[in-house]
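Notes for the structure review
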Amino acid sequence: MSQATQTETTEGTGRIDSVSGPVVTAVDLDARMNDVVYVGDEGLMGEVIEIEGDVTTIQVYEETSGLGPGEPVENTGEPLTVDLGPGMLDAIYDGVQRPLDVLESKMDSAFLDRGVDAPGIDLDEKWEFSPTVEAGDTVEPADIVGTVPETVTIEHKVMVPPDFEGGVVESTKEGNFTVTDPVVTLENGEEVTMRQEWPVRQKRPASNKRTPRTPLVSGQRVLDGLFPIAKGGTAAIPGPFGSGKTVTQHSLAKFADADIIIYVGCGERGNEMTEVIEDFPELEDPKNGNPLMARTSLIANTSNMPVAARESCVYTGITIAEYYRDMGYDVALMADSTSRWAEAMREISSRLEEMPGEEGYPAYLAARLAQFYERAGYFENVNGTEGSVSVIGAVSPPGGDFSEPVTQNTLRIVKTFWALDADLAERRHFPSINWDESYSLYRDQLDPWFKENVAEDWPERRQWAVDTLDEESELQEIVQLVGEDALPEDQRLVLEVARYLREGYLQQNAFNPTDMYCPPEETYAILRTIQVYNDEAFDALDAGVPIEDITDIDAAPRLNRIATQEDWESYVEDLREEIREQLRSLY
Amino acid sequence: MKEYKTITEVSGPLVYAEVDEPIGYDEMVEIETPSGDTKRGQILESEDGLVAIQVFEGTTGIDRNASVRFLGETLKMPVTEDLLGRVLDGSGQPIDGGPEIVPDERQDIVGAAINPYSREYPEEFIQTGVSGIDGMNTLVRGQKLPIFSSSGLPHNELALQVARQATVPEEAAEEGDEASEFAVIFGAMGITQEEANEFMEDFERTGALERSVVFMNLADDPAVERTVTPRMALTTAEYLAFEKDYHVLVILTDMTNYCEALREIGAAREEVPGRRGYPGYMYTDLAQLYERAGRIKGEEGSVTQLPILTMPGDDETHPIPDLTGYITEGQIMMDNALNSKGIEPPINVSGSLSRLMDDGIGEGLTRADHADVKDQLFAAYAEGKDLRDLVNIVGREALSELDNKYLDFADRFEDEFVDQGFDTERSIDETIEIGWDLLSMIPKAELNRIDEEMIEEHYREETPAADDEESAEELSAD
Ligand SMILES: Nc1ncnc2c1ncn2[C@@H]1O[C@H](COP(=O)(O)OP(=O)(O)OP(=O)(O)O)[C@@H](O)[C@H]1O
Ligand SMILES: [Mg+2]
């Protein structure tokens with residue numbers, strides 16, 4: 001059920017039997033699993049999560065203080081759905097798709113009150129519809145029948161709902177309409193509007209899932225360079241508190257080259273959502289210079305908002321993502337944090353007194369996580385377009401210990417693992433992605449793209465970086481015991497080069513206006529320049545130049561400054577030249 | 001109001017009673033014991049015919065003959081501007097012998113969540129006068145920044161120093177010091193009488209009490225009451241901030257005692273425990289406290305939180321600091337080793353973090369070179385600390401000249417930058433200048449986190465070394 005349809009709530013009225021936090025039981029309620037119900041005199045929104053004999057258990061999406069036995073419960077007879085249509089971009093929703101700006105004005109307060117409903121998309125706003133079919137054409141479910149300029153960036157495609165029969169178009173309209181006005185009428189009497197509903201817990205149909213072969217370019221060197229994710233891929237970012245999950249998710253939301261971004265703030269901080277709301281309208285989309293909000297939809301169910309709505313917020317997000325995928329767009333969804341979602345499941349499960357599994361999580365934790373990530377992918381859509389949903393989930397393991405159930409179950413599913421490291425974070429090595437532990441299983445299938453679009457030798461350069469960093473960690477173990485000066489000169493040089501890799505290449509400051517976004521060409525150029533230094537320095541060493549003189553050249557420290565240069569191309573060129581000159585002048 | 005004598009079970013802090021009318025979840029209850037004591041409680045679970053009540057003042061003295069009254073409303077805090085200057089107990093009753101409090105409003109202590117859309121991003125720099133905070137882990141107005149400490153460390157001294165010194169320099173310049181001062185809400189949960197005295201004496205000595213509201217739940221006060229104390233405090237803070245335009249600083253101490261109380265209630269209810277016996281919902285519960293900080297669009301006032309917690313077993317991964325860290329916007333980490341060295345305040349700056357720092361500093365806010373200097377100080381200090389381990393094994397002689405400089409840097413950083421004493425107040429300018437003094441020990445080329453122009457402007461070309469007369473002369477001739 002979505003708030004837009006004011007379905008008569010007469011299917012079966014029951015009454016509250018007990019209240020315990022967000023979980024309420026009702027008796028005499030005629031309901032099916034997952035039906036949306038209105039609970040109590042204030043009509044708080046809830047969802048049926050268990051039926052046992054005459055007792056129906058409901059999770060309530062709003063605060064339940066003061067709710068008591070005997071109060072009525074009304075069933076809408078419909079499952080939890082979202083409203084799909086123009087207006088979802090540049091919007092901010094709570095976990096059950098109520099627009100937070102509308103709630104603010106309806107409640108006339110900065111604090112969230114209860115029992116206030118608002119449809120996910122504005123029912124009165126008019127949108128300019130242009131048909132792409134004409135009378136006499138035959139359309140099938142999911143086919144695109146027209147377009148709407150939704151934002152400066154995105155053309156919204158109006159589609160025949162999947163549950164329609166389809167057939168011959170009788171008439172089309174053109175001009176400004178509300179989302180409930182019919183814009184295309186079929187001969188069988190079916191009327192297509194700009195709005196659809198879809199139950200959030202059910203994935204939208206697609207024809208085919210394909211192997212993803214295009215990277216979701218993130219503008220983050222360590223990701224694009226070492227651990228790339230594909231468009232349609234899945235990734236997890238686990239890490240202890242303060243290690244950089246949110247900053248990385250924000251950077252992806254800003255700079256990833258997807259068409260659409262769905263950002264789900266699931267049980268995290270209010271200020272982090274505010275930051276997005278304040279920053280995104282002012283930041284430019286690196287693809288086209290438009291405001292970033294024009295491609296973004298936000299779902300904010302912060303830690304202090306009701307737990308049940310936290311449980312549903314990831315589903316709300318992924319359903320919206322699938323809808324844009326159906327239009328043929330590449331969508332990227334960030335969920336921060338999936339652990340809070342899992343905890344919401346755990347909290348509700350324990351109120352239901354279900355048999356707890358590992359660490360109190362319900363036994364179905366793994367299945368729910370898998371179902372969610374399965375909704376990602378590179379798809380051939382029912383209407384013949386191709387689109388993708390990439391999912392990047394933050395994981396917040398208690399005590400930063402990755403052996404816990406949410407991290408472990410997630411790692412079983414996702415193909416990219418960006419392991420954040422408390423030690424690196426404490427040294428302010430950001431993003432604190434541990435290069436030993438992290439991996440991307442997409443690396444090989446994305447190499448052809450990087451070779452074709454960035455540099456033919458992309459994979460070899462990367463391998464060199466990986467090898468150098470590996471060698472560094474081995475050498476570091478020795479250094480810990482005997483000190484660096486005890487190493488032979490060539491090994492000391494490796495350490496020096498690896499340091500530039502870490503500081504000039506892997507580290508990236510998300511708050512520096514230039515450094516925060518690094519196109520893959522620049523990522524490549526930085527790596528290449530460090531390698532130039534490496535090669536020249538080893539030549540000098542072979543020619544007998546003492547290591548101190550080599551590492552002392554004043555061009556070398558500038559390797560760490562490439563990333564903050566606006567004109568990096570000429571900087572890199574000069575720098576390579578200077579490195580050569582300075583080193584060769586030593587012998 | 002109907003009275004029930006229907007108590008069926010008393011278990012730990014919980015009382016179960018039968019009822020014949022619907023009772024609302026979370027609503028207030030009064031229980032009168034046969035000896036005439038009145039205790040207050042709250043509905044934890046409401047079923048048709050049966051309720052579970054959590055009693056704040058402990059269940060001692062309650063038996064089947066006690067009478068139960070249901071007040072039909074959730075717990076409220078009577079709020080008024082006149083609360084400033086008052087001392088209350090852990091459930092909001094005055095204990096200072098002052099006049100009766102005439103409330104302006106009675107507000108639900110379970111505050112409603114701030115609509116994320118209505119928030120304003122916090123970015124006004126608060127000068128605490130403490131270099132380890134201002135320079136390295138800057139606090140901004142509307143932030144929640146806990147102090148992670150251990151028993152025996154001077155976290156109270158630090159909290160008091162911050163409460164005393166905190167100003168917003170920008171406003172102080174425009175409107176005078178008074179205008180930029182904070183109203184302080186102090187919520188004590190399970191602290192000792194001695195600690196309480198320490199705070200009260202400081203408040204009285206500095207005259208801070210006038211702009212403070214004190215809530216005291218002491219170690220021998222009922223544990224369950226601790227679950228309402230911070231909510232009372234935060235309700236008062238929100239009222240003063242968002243209805244009376246105050247900038248409020250809330251100090252909550254000790255959050256560890258609060259969490260112990262939660263655990264106790266969970267155990268009494270025979271709930272399935274989460275990690276190390278704490279309730280599975282502790283994250284959500286703590287978030288409902290910590291998220292009551294911030295700024296709101298169109299409102300003058302703000303709520304800044306400085307909760308204090310002592311880490312059991314000095315373990316940062318213990319659920320209390322761990323869940324707190326996952327909710328708050330950074331943490332100030334106190335350190336045993338630094339404390340033993342006599343560093344005051346013993347702040348471990350690298351283990352500390354302020355997540356709202358990046359937007360709160362820089363040109364126009366603090367100084368243009370602040371961010372770069374901070375990054376470089378962090379890097380150099382980390383380098384120096386790493387070398388300390390090594391030097392223990394191989395000795396100083398085996399290290400290069402540069403490494404030795406980093407070692408000296410780390411020592412001086414602790415002695416000169418962090419160690420300032422609890423009575424010294426430093427402006428942000430002083431703090432950053434000390435930063436430059438120290439960074440100038442390191443060769444310029446190493447300062448790769450700082451913009452080259454800034455290095456030109458601030459780097460001290462010659463650092464006077466005490467035993468080197470020549471360079472000292474050069475400097476004075478300069
Ligand atoms: N790429 C980066 N560049 C600069 N600073 C960073 C970067 N990543 C993280 N940081 C720093 O680390 C801090 C913590 O990062 P972040 O808030 O993303 O942590 P988190 O992993 O999301 O923590 P939590 O689990 O508590 O939400 C940031 O406030 C910022 O100071
Ligand atoms: Mg985060």
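Residues numbered from 1 in each chain as written. Chains lettered and ligands numbered in written order. Predicted model: local features only at pLDDT ≥ 70, side-chain atom pairs only at ≥ 80, totals over all residues. Heavy atoms only, no water.

**Some remarks on unusual backbone geometry**
Going from Asp336(A) to Ser337(A), the amide bond is cis rather than trans, its omega being 10 degrees. Mapped onto the elements, Ser337(A) comes out in the loop between β22 (330-336) and α6 (338-351). Pro345(B) follows Glu344(B) through a cis peptide bond whose omega is -10 degrees. Following the sequence through the fold, Pro345(B) ends up in the loop between α9 (336-340) and β19 (353-354). Residues other than glycine seldom take positive phi values, yet Asn34(A) does so here, at roughly 65 degrees. Topologically, Asn34(A) is positioned in the loop between β2 (23-27) and β3 (35-39). Owing to a relative accessible area of 25%, Asn34(A) belongs among the partly exposed residues under this scheme. Despite not being glycine, Glu353(A) has its phi angle at roughly 55 degrees, a positive value. Looking at the secondary structure, you find Glu353(A) in the loop between α6 and α7 (365-374). (Helix = DSSP H or I, 4+ residues; strand = E, 2+ residues; numbered from the N terminus. Buried < 20%, exposed > 50% of the residue type's maximum accessible area, 1.4 Å probe, protein only.)

**Brief notes about the pattern of salt bridges**
If you walk through the whole model with that rule in mind, you get 72 salt bridges over all chains. When the shortest N-O distance is used, the salt bridge between Arg32(A) and Asp35(A) registers 3.6 Å. Judged by relative accessible area, which is 2%, Asp35(A) ranks as buried. Between Arg367(B) and Asp369(B) there is a salt bridge, and its shortest N-O distance comes to 2.8 Å. (Salt bridge = Lys/Arg side-chain N within 4 Å of Asp/Glu carboxyl O.)

**Structural notes on the sheet that holds strand β14 (residues 175-177) of chain A**
Residues and elements named next belong to chain A. If you trace the four strands from one edge of the open sheet to the other, you get β12-β11-β9-β14, paired in antiparallel fashion. With one partner strand each, in any of the chains shown, β12 (155-159) and β14 form the two edges of the open sheet. Averaged over all pairs of adjacent strands, the angle between strand axes in this sheet comes to 40 degrees, irrespective of strand direction. (Pairing = 2+ DSSP bridges. Axes fitted to C-alpha atoms, helices over the stretch in contact; angles between N-to-C directions.)

**A closer look at the domain arrangement of chain B**
Residues and elements named next belong to chain B. The domains assigned to chain B are domain 1 (3-73), domain 2 (77-360) and domain 3 (370-458). If you average the C-alpha positions of domain 1 and of domain 2, the two centres end up 31 Å apart. Opposite the 14 residues of domain 1 that make contact, domain 2 presents twelve residues. Of all residues in domain 1, Pro-13, Arg-40 and Phe-56 give up the largest surface area on contact with domain 2, accounting jointly for 41% of the area buried on that side. Inspection of the region where domain 1 meets domain 2 yields one salt bridge. Taking the shortest distance from any N to any O, the salt bridge between Glu-73 and Arg-106 comes out at 3.0 Å. The tally of links between domain 1 and domain 2 comes to four residue pairs in polar contact (both at pLDDT 80 or more). For the side of domain 1 that touches domain 2, the secondary structure elements donating two or more residues are β5 (38-47) and β6 (50-55). (Domains from an automatic or database assignment. Contact = heavy atoms within 4.5 Å. Buried area = accessible area lost by both parts, 1.4 Å probe. Polar contact = N/O pair within 3.5 Å; in protein donor to acceptor, adjacent residues only side chain to side chain.)

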